[in-house]
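This is what each chain is made of:
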Amino acid sequence: MTRPAAVIYFRLMTIRPIICIPDPRLRQVSKPVEKVDDELRALMDDMLETMIDAPGIGLAAIQIALPIRVVVIDCSEREYENEETKSPPRQSKPIYFVNPEIAWVSEEIKSHEEGCLSIPDYFEMVERPSACRVRYDDYEGKPQDLLCEGILATCIQHEVDHLNGILFIDYLSRLKRDRVMRKFQKAAKERIRGDA
Ligand code: GNR
Ligand code: NI
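Residues numbered from 1 in each chain as written. Chains lettered and ligands numbered in written order. Predicted model: local features only at pLDDT ≥ 70, side-chain atom pairs only at ≥ 80, totals over all residues. Heavy atoms only, no water.

Q: So what's going on with the coordination of the nickel ion (ligand 2)? Residues and values would help.
A: The coordination sphere of the nickel ion (ligand 2) contains the protein donors Cys116 (SG), His158 (NE2) and His162 (NE2), at a distance range of 2.1 to 2.3 Å. Within one chain, the residues donating to the nickel ion (ligand 2) are spaced in sequence as C-x41-H-x3-H. With a gap of four residues between them, His158 and His162 both fall in helix α2 (residues 150-163), about one helical turn apart. Given the relative accessible area of 1%, His162 is considered buried. (Donors = N, O, S within 2.8 Å, 3.2 Å for Na, K, Ca; no water. Helix = DSSP H or I, 4+ residues; strand = E, 2+ residues; numbered from the N terminus. Buried < 20%, exposed > 50% of the residue type's maximum accessible area, 1.4 Å probe, protein only.)

See the structure below:
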């Protein structure tokens, strides 16, 4: 009997459905991850694929209905290096955050336009600290400490909010929040009626 020299296992990434408001699961507080293993890495691969497909620059696990403290972010430029030849992006550098904790925020606040894949086609300005430090475990389960600025600082704060059941519309006036919630509630009811 001959044995193959090596067996290569591979797995196709899967795009998972993203849940939207008013789904109450988005208000859950996600649970810490105990161990970074192959199963979790497979999930993080799926999250990246789902985020790129959406398309978005960040995704928290609860957005695919998994209440665990996992986030993926890729704020690097998604444009083609050369529009004519469609050569790949300059840098695509996803960051995987397991159990992220905001360890420090700057006193300086800045305003940035935010959107959310769980609140499609709605954008508003939100004020947040302009920089922050995040402690987390990476794709290999190794502890990391990262200083975030610019869009990365905005995005990681938005994602850590998701892990705590907070959405960016919570920072808006009650009038604006109620208006967007009602619009999505109405759309959800119409979908149910349409399916029946
Ligand atoms: O794709 C996204 N863009 C974005 C823009 C400004 C601030 C935050 C974000 S995150 C969002 C994807 C998302 O909903 N992540 O939870
Ligand atoms: Ni979001």
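Q: With reference to specific residues and values, describe the pattern of salt bridges.
A: Here the idea is simple: oppositely charged side chains can pair when their charged atoms come close. Counted according to the given criterion, the structure contains 12 salt bridges. Measuring nitrogen to oxygen at the nearest pair gives 2.9 Å for the salt bridge that ties Asp46 to Arg16. Placement of Asp46 in helix α1 (residues 38-53) and of Arg16 in the segment before α1 is noted, with a sequence separation of 30 residues between them. A relative accessible area of 1% means that Asp46 is categorised as buried. Salt bridges sharing partners connect three or more residues here, namely Glu114, Arg128 and Asp161. (Salt bridge = Lys/Arg side-chain N within 4 Å of Asp/Glu carboxyl O.)

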